[in-house]
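# Commentary on secondary and tertiary structure
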Amino acid sequence: MTTKVKTNRVIFTQTKEYMKPLFRKLKNRTLPEDILESLVDISKNLVNRNYIAASDSYLEMAIGNAPWPIGVTMVGIHARTGREKIFSKNVAHVMNDETQRKYIQGLKRLMTKCQECFPTDPSRCVEFAPTH
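Residues numbered from 1 in each chain as written. Predicted model: local features only at pLDDT ≥ 70, side-chain atom pairs only at ≥ 80, totals over all residues. Heavy atoms only, no water.

## Quick look at the side chain of Thr120
- Among the structural elements, Thr120 can be located in the segment after helix 5 (98–117).
- Engagement of the side chain of Thr120 in a polar contact is seen with the side chain of Asp121, the distance being 3.0 Å. (Helix = DSSP H or I, 4+ residues; strand = E, 2+ residues; numbered from the N terminus. Polar contact = N/O pair within 3.5 Å; in protein donor to acceptor, adjacent residues only side chain to side chain.)

Put into structure tokens, the structure is as follows:
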């Protein structure tokens, strides 16, 4: 076997292991509601072959859309503008635990493979690179 085939086999096996906890949570109905909503959005967009929208939903699920505190939050006696948004409930799920990070990474791999196997027009693809 070539090196590429061996690498693909390792990635496939690893992704399969990464996805098991997600499937277990789906089966037991213990997946958090916000992650479930994101998965539904991602799935709908993948079925419609709109990979850019699927990627946007993925990024919102993975890193969230909460402002990240950069620098000083308190200057003098006045709070920084938008300070209350920093501590909002919009959480980055990738940071929660290792298991979530793994199945979110596995989901991204599946999204990429889906785009390879079911191509669409370049305007709806993420990093479009046609295979010859």
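## Considerations on helix 3 (residues 51–63)
- For helix 3, which comprises 13 residues, the first-to-last C-alpha distance of 18 Å matches the rise-based estimate of 18 Å (1.5 Å per residue) to within 8%.
- When helix 3 is considered as a whole, its buried residues turn out to be Tyr51, Ala54, Ser55, Ser57, Tyr58, Met61 and Ala62. Burial along helix 3 is one-sided: seen end-on, the buried residues are contained in an arc of 160°.
- With its phi angle positive at about 75°, Gly64 sits one or two positions after the end of helix 3. (Expected span 1.5 Å × (residues − 1). Buried < 20%, exposed > 50% of the residue type's maximum accessible area, 1.4 Å probe, protein only. Arc of directions from axis to C-beta.)

## Overview of the confidence of the model for the protein
- Summing up the model confidence of the protein, the mean pLDDT is 81 and the portion of residues at 70 or higher is 73%.
- Taken element by element, the predicted model of the protein shows its lowest mean pLDDT in helix 4 (residues 83–86) (49) and its highest in helix 1 (residues 3–28) (94). (pLDDT = per-residue confidence, 0-100.)

## Brief notes about the environment of Ile42
- One can find Ile42 in helix 2 (residues 33–47).
- Spatially, the C-alpha atoms of Ile42 and Ala53 are 7.6 Å apart, while their sequence positions differ by eleven residues.
- Once residues lying within four places of it in the same chain are set aside, the contact partners of Ile42 are Ala54, Ser57, Tyr58, Met61, Leu107 and Met111. (Contact = heavy atoms within 4.5 Å.)

## Description of the pattern of salt bridges
- Scanning the model with the defined rule gives three salt bridges in all.
- Two residues, Lys20 and Glu17, come together in a salt bridge whose shortest N-O distance is 3.0 Å. Placement of the pair is Lys20 and Glu17 together in helix 1, with a separation of three residues, close to one helical turn.
- Residue Glu17 is classed as partly exposed on the basis of its relative accessible area of 44%.
- Between Glu116 and Lys113 there is a salt bridge, with the nearest N and O atoms lying 3.2 Å from each other. Taken together, the residues span about one helical turn, with Glu116 and Lys113 both in helix 5 at a distance of three residues.
- Here Lys113 falls in the partly exposed class, since its relative accessible area comes to 43%. (Salt bridge = Lys/Arg side-chain N within 4 Å of Asp/Glu carboxyl O.)

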